[in-house]
Amino acid sequence: MLQVENLYKRFGTIQAVAGLSFNARQGEILGLLGPNGAGKSTCINMVAGLLHADSGQINVGGLGSPSLPAVRQKIGVAPQALALYEGLTGEENLRFFGKLAGLSGKVLRDRVSWTLEFVLLMDRKDDRLKTYSGGMKRRINLAAALVHDPPLLLLDEPTVGVDPQSRNALFENVLALKSQGRTVIYTTHYMEEAEKLCDRVGIIDHGAFLAFDSVDKLIESHGGKSMVTVMRHDSQVQIESDDPIAECVRLQQEGEILSLRVDRPDLERVFLNLTGRAMRD
Amino acid sequence: MRKVVTAIAVNDMRLLLRDKGGAFVTFVFPLAYCIFFGLIFATQSMSSRSIDMVLVDEDQSQQSASFVQLLKKSGAIELTMASREQAIDQVRRAKTAAYVIITKGFGQALPRVLGEDRPKIVIGIDPARAAESEMVKGLITKFAFELFYTPIILRISGDLPNDQHPTKTNFSPIEIETTEIVQTRTGPASSYDISFPQGIIWGVLGCCASFGISLVNERTTGTLSRLLVAPISRTHILAGKALACFTSTLVLGMVLFFVGWLAFSVIPQSPIHLAISLLAISIAFVGIMMFISILGKTERAVSGMGWAVLLAMAMIGGGMVPRFFMPHWMQSLSAISPVSWAIKAMEGAVWRGFSTSEMLLPWSVLVGIGLLFFAIGIRGFSWPDKG
Ligand SMILES: Nc1ncnc2c1ncn2[C@@H]1O[C@H](COP(=O)(O)OP(=O)(O)OP(=O)(O)O)[C@@H](O)[C@H]1O
Ligand SMILES: [Mg+2]
């Protein structure tokens, strides 16, 4: 669905993207995970056709580069910076973006209602955007990417500021899109999101991938050992282990255990191990 | 793809209408300007009003000479003397309101004021000037009474009962023949003919500024990026923006002139010329709108710089003070302002009575300004992907 080859982009002295290559298959959710300034948005914007790469190739669905309008027809973008008309209602915004993508008549109406349902804002559709909360605007921003039902979705931190309940509902919906065969490129700071949603995750720093694999494989190869914590009457024992279950069994044989906790390594650890720093301060 | 351009234009105009300040600047303020200055100019010109006439004395008798004297002394009429041909020509070209011809035999007919062939006077006046026509007739009759009748009255009034006194009946001592001369009007029919084109300029400037600022607003809020990632070309985006500004300017001009026509009798001599003028003005100011949008990176900068440029254009172009109030050198200087060409194009169609070939100059200058500024605007436009 998407092939990206050797992408480079420099802003003045900053090398924002330095040789990114990846493929996204149809029906796959691909995560781009990295700290601030890693180059995620720059990458997304190039794939969206908004920025021209200094070098490298982007091919969407075998149709060619996103600099062609016909290729952009296949892409839906939810930019990181909200980009909406504050003076229009939620519905008017979506109608307008739908029209730009060539929808009209009943198809347009149906798609607009569908996306409003998708982002759980049907009840606020007739309110002007300036009366929306930050999280609601973020949801309309996401809806605007979906309105023309594109096969490739580029979601740049679509859940920033969205409350946990709505966020969970959005996750469900994004997973539903995936099951309908949509391809999603999803950038985020939130490890949990990436772990929950993404089939594969690219960990990106200084414009390049440090690792790119499925969440399980990343943890397996870069997460290090699991941490087993055991409380006894008189002491607390913490042991790193590749096989936490075996370790638990062994510890139980050594003496009575009051409580037991197993911390599997997560993407946070993966990142820490890969870069030597925490993802977020 | 025309649909996309229309969608962008409609969206833009909707946003403008939603913005109360924008709507005020582009519609309410200009209308207030039209009415306010119309009222001011109106009281000025009405106070110093007397009818000017050209008088032809074909009789050249002693009686006709004393009649002329009477008219001149009255002060109600500005009189000049001329030949019949000159007089007719002057009235036709609206140099003078009316002519009065004292026909041959006027003096000889004097004794027959009560008979069939009374002394005859011919008045030539534009049929549209009904009120002035009546006034002139009244004056002529009044002076004719004074001239011819006073001696007779003095002679016979003692014999008549009071209610049959000749001056109290509808009787006129002279025959007045009125010839209708259709004038080619060359002056404004009222002060509103002047204040409306000027006020409309303010609406046009308001439109121009609003859309220029909204274009920058699209860049700063990121919606321009949204438009760029939509499956449409940059040409479509700019065409949509231009169409929004063009349509609003045109509709605004038409609506304000319609109000002027309904409420203030601003009747264009050539509605077709006026329509073309409004088209040309819209083209010019779409170009200027594009130019304004590149004058800064933020709404505030563009608003400040944009209004500075527009106000300067208005100031020297006669948008604030009518050009005929300006000293001569300033009038020639004002030709560099698009505003002066816009006003000229409107006035030419409304009251200056320009022929189509005379209109071609302001029209082509306006279209040229539009294309030039549009080209500069597009060249200088910074799309979000350029750094
Ligand atoms: N338009 C621009 N002009 C100059 N520098 C830019 C521009 N856009 C991005 N950069 C720089 O490129 C680098 C990558 O930025 P980018 O926005 O892609 O990061 P990101 O991974 O999306 O970060 P975040 O998590 O904060 O969104 C940063 O150092 C940023 O300062
Ligand atoms: Mg980003």
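As the structure is a computational prediction, the values presented were derived from the model and not from experiment.

Regarding a nonpolar patch on the surface
Residues and elements named next belong to chain B. Side chains of L311, M315, M320, V321, F324 and F325 sit close together on the surface and give an oily, nonpolar patch of about 530 Å² of accessible area. Mapped onto the elements, M315 comes out in helix α10 (residues 299–317). We classify M315 as partly exposed; its relative accessible area is 48%.

Overview of unusual backbone geometry
All names here are of chain A. With a phi close to 50°, N6 is a non-glycine residue in the positive phi region. By the secondary structure assignment, N6 is in strand β1 (residues 2–11). Classification of N6 by relative accessible area gives partly exposed; the value is 44%. A positive phi angle is found at D149, which is not glycine, with a value near 55°. You can see D149 is positioned in the loop between α5 (134–146) and β6 (152–156).

Observations concerning the sheet that holds strand β12 (residues 259–263) of chain A
Where strands meet in a sheet, backbone hydrogen bonds hold them as pairs that are either parallel or antiparallel. All names here are of chain A. As summarised here, the arrangement of the three strands in space is β11-β10-β12, forming an open sheet in which the pairing is antiparallel. Taken across any chain shown, the strands that pair with only one partner, and hence form the sheet edges, are β11 (236–241) and β12. Averaged over all adjacent pairs, the angle separating strand axes in this sheet is 15°, with direction ignored. Alignment of strand β10 (residues 226–231) against β11, held across six bridges, turns out to be antiparallel. Paired with V228 across the bridge in β11 is I239. Seen against the sheet, helix α9 (residues 244–254) touches β10, β11 and β12 and runs at an angle of roughly 20° to β10.

Quick look at the coordination of the magnesium ion (ligand 2)
The reference angle at a metal is 109.5 degrees if four donors form a tetrahedron and 90 or 180 degrees if six donors form an octahedron. Around the magnesium ion (ligand 2), the protein contributes the donor atoms S41 of chain A (OG) and Q80 of chain A (OE1), which lie 1.8 to 2.0 Å from the metal centre. Taken together, the residues span a long stretch of sequence, with S41 of chain A in helix α1 (residues 40–48) and Q80 of chain A in the loop between β5 (75–78) and α3 (90–100) at a distance of 39 residues.

What to know about the side chain of K40 of chain A
All names here are of chain A. Within the secondary structure layout, K40 lies in helix α1. Although K40 is buried, it forms no salt bridge, and the closest oppositely charged side chain is E157 at an N-O distance of 4.2 Å. A polar contact is formed between the side chain of K40 and the backbone oxygen of G34, at a distance of 2.8 Å. Reaching out from K40, the side chain makes a polar contact with the backbone oxygen of P35 at a distance of 3.0 Å. With near-sequence residues (within four places) excluded, K40 lies in contact with L32, L33, G34, P35, E157, T187, T188, H189 and I204.

Examining the packing of aromatic side chains
Applying the stated criterion across every chain yields a total of 19 aromatic pairs over all chains. Their ring planes at 85° and their centres at 6.2 Å tell us that F29 of chain B and W202 of chain B sit as a pair that is edge-to-face. Of this pair, F29 of chain B sits in helix α2 (residues 20–47) while W202 of chain B sits in helix α6 (residues 191–221), and the two are 173 residues apart along the sequence. For W202 of chain B, a relative accessible area of 8% corresponds to the buried category. With a centroid separation of 5.6 Å and an interplanar angle of 40°, the aromatic rings of F258 of chain B and W261 of chain B are classed as tilted. One end of the pair is F258 of chain B and the other is W261 of chain B, both in helix α8 (residues 234–264) and three residues apart, which spans about a single turn. Each residue in the set F29, Y33, F36, F37 and W202 of chain B is aromatic and connected to the rest through ring pairs, giving one cluster. A cation over an aromatic ring shows up here: R226 of chain B above the ring of F97 of chain A, its NZ or CZ 5.0 Å from the ring centre. The positively charged end of K344 of chain B is found above the aromatic ring belonging to W341 of chain B, 4.8 Å away from the centroid.

Points about the site of ligand 1
If you check the shell around ligand 1, you find 15 residues, and the closest are N36, K40, S41, T42 and Q80 of chain A. Surrounding ligand 1 is a set of residues that belongs to chains A and B. Contacts to ligand 1 include K40 of chain A, whose side-chain N or O atom sits 2.7 Å from an oxygen atom. Within the side chain of E157 of chain A, an N or O atom sits 3.3 Å from an oxygen atom of ligand 1. Contact with the protein chains hides 67% of the accessible area of ligand 1, taken as 630 Å² for the molecule alone. Counting residues per element, the ones that place at least two in the shell around ligand 1 are β2 (14–24) and α1 of chain A. No other element matches α1 of chain A, which puts three residues into the shell around ligand 1. Along the lines of polarity and charge, the residues of the shell around ligand 1 split into five nonpolar, eight polar and two charged.

Considering the packing of α6 of chain B against α8 of chain B
Residue and element names in this part refer to chain B. Between α6 and α8, the shortest axis-to-axis distance is 9 Å and the interhelical angle comes to 155°. With respect to each other, α6 and α8 are oriented roughly antiparallel. Like other packed secondary-structure pairs, α6 and α8 cross with a definite hand, here right-handed. Side by side, α6 and α8 meet where Y192, F196, P197, I200, G203, V204, C207, C208, F211, L215 and E218 of the first sit next to K241, A244, C245, S248, T249, L252, G253, L256, F257, V259, G260 and F264 of the second. For the contact of α6 with α8, the class distribution of residues is 16 nonpolar, five polar and two charged.

Here's the deal with the nonpolar core
Counting residues in hydrophobic clusters, the biggest one holds 149 residues, and the most contacted among them are L2 and I185 of chain A together with F285 of chain B. Sequence-distant contacts of L2 of chain A, defined by excluding residues within four places in its chain, comprise F22, N23, A24, V47, I58, N59, V60, L152 and I185 of chain A. Core analysis: the second largest hydrophobic core is formed by 24 residues, F67, V100, I121 and I123 of chain B among them.

Definitions and limits used
- Position labels on residues start from 1 in each chain and follow its written sequence.
- In the order they appear in the text, chains get letters beginning with A and ligands get numbers beginning with 1.
- Note on the predicted model: pLDDT of at least 70 is required for a residue's local features to be given, and 80 or more for side-chain atom pairs to be given and counted; whole-chain, interface and lining totals, by contrast, use all residues.
- To get the side-chain values, all heavy atoms of the structure are used, and hydrogens and water are removed first.
- Like charges are joined within 9 Å and nonpolar side chains (Val, Leu, Ile, Met, Phe, Trp, Tyr) within 5 Å, but only among residues with over 30% relative accessible area and no salt bridge; these make up the patches.
- To be clear on the numbers: accessible area is Shrake-Rupley with a 1.4 Å probe, and residue cover counts the displayed protein chains and nothing else.
- Counted as salt bridges are all cases of a side-chain nitrogen of Lys or Arg within 4 Å of a carboxyl oxygen of Asp or Glu.
- The secondary structure listing takes helices from DSSP runs of H or I that are at least 4 residues long and strands from runs of E that are at least 2 residues long, numbered from the N terminus.
- Between buried and exposed lies partly exposed: a residue is buried under 20% and exposed over 50% of the maximum accessible area for its type, with that area taken using a 1.4 Å probe on protein chains only.
- A pair of strands counts as paired when DSSP detects no fewer than two bridges linking them.
- Fitting a line to C-alpha atoms yields each axis, with helices limited to the stretch in contact; the angle taken between N-to-C directions then spans 0 to 180 degrees.
- The contact criterion used throughout is that any non-hydrogen atoms of two residues lie within 4.5 Å.
- Keep in mind that water is not among the atoms, so a site may look incomplete; donors are the N, O and S atoms within 2.8 Å of the metal, or 3.2 Å for Na, K and Ca.
- Here Asp and Glu are counted as negative and Lys and Arg as positive; His is not counted, and neither are the chain ends.
- Pairs of N or O atoms within 3.5 Å make up the polar contacts considered here, provided that, within protein, one atom can donate a hydrogen while the other can accept it, and that residues adjacent in sequence are counted only when both atoms are side-chain atoms.
- Only Phe, Tyr and Trp rings take part, Trp by its six-membered ring, and two of them pair if their centres are within 6.5 Å. Stacked means planes under 30 degrees apart, edge-to-face means over 60, and tilted covers everything else.
- Our definition puts a charge over a ring when NZ of Lys or CZ of Arg is within 6 Å of the ring centre and also within 35 degrees of the ring normal.
- What makes a residue near a molecule or strand is one non-hydrogen atom of that residue sitting within 4 Å of it.
- Three classes are used: nonpolar for Ala, Val, Leu, Ile, Met, Phe, Trp, Tyr, Cys and Pro, charged for Asp, Glu, Lys and Arg, and polar for all others, with Gly counted as polar.
- Each angle gets one of four labels, with under 35 degrees taken as roughly parallel, over 145 as roughly antiparallel, 65 to 115 as roughly perpendicular, and the rest as oblique.
- For any pair of crossing helices, the crossing counts as left-handed if the nearer helix is rotated counterclockwise from the farther one by less than a right angle, and right-handed if it is rotated clockwise.
- Residues belong to a common nonpolar core when they are buried Ala, Val, Leu, Ile, Met, Phe, Trp, Tyr or Cys residues joined through side-chain atoms within 4.5 Å.

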